[in-house]
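Listed here are the chains, written in short residue letters.
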Amino acid sequence: NESDAEATPPWWQTEREALLALADTTNTPGYVYHAPTLRTRARQLTALEAVDQPYYAVKANPHPDVLRCLYDEGLGFECVSLGEVERVFEAVPQVDPQRVLFQPNFAAIDEYRAAFDQGVRVTLDNVQPLDTHPEVFAGQTIFLRIDPGRGHGHHRHVRTAGAQSKFGIVPDELPQARALAAEHDICVQGLHVHVGSGITRAEPWADIAAFLGSLAEDFPDVEILNVGGGLGVPERPNGDRLPLDALNERLSAFKQSHPQYALWMEPGRFLVAEAGALLARVTQTKQKGEATYVGLDAGMHTLMRPALYGAYHDIVNLTKLDQPNVQTVNVVGPICESGDVLGYSRRLPATEPGDVMLIATTGAYGAAMANIYNLRPRPNEHLIDPSADA
Ligand code: LLP
């Protein structure tokens with residue numbers, strides 16, 4: 001029941017003591033992933049009757065323990081590079097390669113060769129490779145990624161369809177793809193669309209299914225329609241949730257009229273974002289002009305999303321979680337850029353060097369996008385599974 005779920009405090013409040021202990025015994029900054037939350041989200045997805053097979057978009061968080069946990073819940077894996085494919089096989093050696101999708105864009109031709117050798121499913125994002133290297137694709141089974149002409153998402157950098165985006169094959173080019181496939185004995189088994197990331201409305205996926213269903217009429221071998229990922233999560237505490245029931249209903253209606261197709265989805269963020277939190281320690285505070293700064297050992301190198309997209313992440317003082325907010329501060333990192341701000345104008349208790357801060361909803365595209373700019377180290381990562389420890 002979704003309203004119950006929203007009334008429940010976030011997992012990190014319940015796990016506060018364990019998290020403070022972890023911050024004391026390991027180096028900060030460190031990401032913590034909560035296995036029970038991963039399982040809850042995975043089960044919400046596998047419960048959607050209209051979705052025949054859900055895949056996890058590995059790019060959101062490729063930590064091996066996260067991959068194992070989601071595999072145990074019945075998810076396949078969507079990979080954008082051979083590095084991600086390799087990570088999946090390392091973390092989950094028993095995975096059926098047919099449950100692994102290789103969906104790169106602008107990949108070198110050798111990457112497709114290697115993917116076919118490994119037996120994973122390959123999606124082409126462009127017709128050109130079929131024309132320039134037909135020998136690599138001859139006799140193989142592939143998916144085609146289509147651009148439906150309109151993108152969605154929380155920021156223009158993450159809208160992956162439409163004239164301004166580099167992704168997908170425009171429908172006008174499909175006759176050429178079909179001719180090349182016929183000429184080289186290539187089976188087009190599936191069609192794919194991914195329009196963007198951080199979508200909190202239920203409509204786009206059923207629209208995509210309808211769009212793909214109409215194109216599939218011209219591809220006799222197509223059995224699978226992959227409507228992509230992009231399922232959003234609330235940025236702020238008590239923010240709106242994507243209505244999963246409505247999403248399921250709309251996709252079910254499509255399936256009733258098109259029972260010949262299996263429907264796949266491939267979310268990343270939905271599965272892992274809320275299961276992750278970033279722990280960081282206060283290094284220094286500073287009063288300057290009108291502004292108060294709270295400096296952390298985490299910065300834009302640890303979590304790029306605020307600097308890159310202006311994304312909002314809730315920030316709390318975990319050490320002083322029960323103390324009243326008495327000041328308004330900018331929470332900043334140690335990187336030599338003025339944009340190294342994790343949160344502007346945040347209300348916090350009297351915060352001092354040594355306090356442990358928690359940055360919420362950072363399980364997706366947090367550690368995955370961390371880097372060593374200024375030669376500062378990458379964050380630690382830990383999966384905790386309190387139910388299993390009990
Ligand atoms: N499928 C494809 C083909 C994708 O390109 C992506 C994400 C996904 C699935 C998963 O999307 P999700 O369900 O996680 O929204 N770094 C950005 C997000 C970039 C998403 C890239 N593609 C962020 O932090 O918001």
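The shown structure was predicted, so the numbers you read here are calculated from the model rather than taken from an experiment.

Student: Give me the overall build of the chain: which residues, what numbers.
Tutor: Each helix and strand counted, the chain has 15 helices and 16 strands in total. By the compact-globule yardstick of 21 Å for 390 residues, the chain fits well, its C-alpha radius of gyration being 22 Å. Taking the principal axes of the C-alpha coordinates as reference, the chain spans close to 70 × 45 × 40 Å. Taking as baseline every contact in the chain between residues at least 6 positions apart, the subset at least 24 positions apart corresponds to 73%.

Student: Pulling in residues and values, what's your account of the UniProt feature "modified residue: N6-(pyridoxal phosphate)lysine" (unreviewed entry) in the chain?
Tutor: Mapped onto this numbering, the UniProt entry annotates "modified residue: N6-(pyridoxal phosphate)lysine" (unreviewed entry) at Lys-59. Mapped onto the elements, Lys-59 comes out in the loop between strand S2 (53–57) and helix H5 (64–72). Beyond its immediate stretch of four places on either side in the chain, Lys-59 contacts Val-80, Glu-84, Gly-268 and Ala-368.

Student: Explain the UniProt feature "active site" (unreviewed entry) in the chain to me, using residue names and the numbers behind them.
Tutor: When the UniProt feature table is mapped onto this chain, "active site" (unreviewed entry) is found at Cys-336. Summarising the element assignment, Cys-336 is placed in the loop between strand S13 (327–332) and strand S14 (341–348). Residue classification places Cys-336 among the exposed positions, given that 8 C-beta atoms sit within 10 Å.

Student: How would you explain the sheet that holds strand S4 (residues 100–102) if you had to name every residue and give the values?
Tutor: Pairing between the strands of a sheet comes from backbone hydrogen bonds, and it takes one of two forms, parallel or antiparallel. Within the closed barrel, the eight strands sit side by side as S2-S3-S4-S5-S6-S7-S8-S9. Their pairing is parallel. Taking each pair of neighbouring strands and ignoring which way they run, the sheet shows an average axis angle of 30°. In terms of strand pairing, S2 meets strand S3 (residues 76–79) through three bridges, oriented parallel. Residue pairing in the sheet places Tyr-56 in a bridge with Phe-77 of S3.

Student: Before we move on, can you summarise helix H12 (residues 244–257) with the specific residues and values?
Tutor: The end-to-end C-alpha distance of H12, which contains 14 residues, comes to 20 Å, matching closely the 20 Å that a straight helix rising 1.5 Å per residue would cover. The secondary structure elements touched by the buried residues of H12 are helix H11 (203–216) and strand S9 (262–265).

Student: Provide a residue-level description of the nonpolar core, including the pertinent values.
Tutor: Note on soluble globular proteins: their nonpolar side chains tend to be buried together. Ranked by internal contacts, the top residues of the largest apolar core, which has 103 residues, are Leu-38, Ala-209, Met-357, Leu-358 and Ile-359. Considering every element that reaches this core, the biggest residue donor is H11, with six residues. There are two domains that each give this core at least three residues, and those are domain 1 (48–268) and domain 2 (276–389). Residue contacts for Ala-209: discarding those within four places in its chain leaves Leu-225, Val-227, Leu-251, Phe-254 and Leu-263.

Reading guide: rules and limits
- Residues numbered from 1 in each chain as written.
- Predicted model: local features only at pLDDT ≥ 70, side-chain atom pairs only at ≥ 80, totals over all residues.
- Helix = DSSP H or I, 4+ residues; strand = E, 2+ residues; numbered from the N terminus.
- Rg over C-alpha atoms; globule rule 2.2 N^0.38 Å.
- Contact = placed C-beta atoms within 7 Å.
- UniProt positions renumbered as here; feature names shortened; annotations may be inferred.
- Buried ≥ 20, exposed ≤ 12 C-beta atoms within 10 Å, placed from the backbone.
- Pairing = 2+ DSSP bridges.
- Axes fitted to C-alpha atoms, helices over the stretch in contact; angles between N-to-C directions.
- Expected span 1.5 Å × (residues − 1).
- Core = buried A, V, L, I, M, F, W, Y, C linked by C-beta atoms within 7 Å.
- Domains from an automatic or database assignment.

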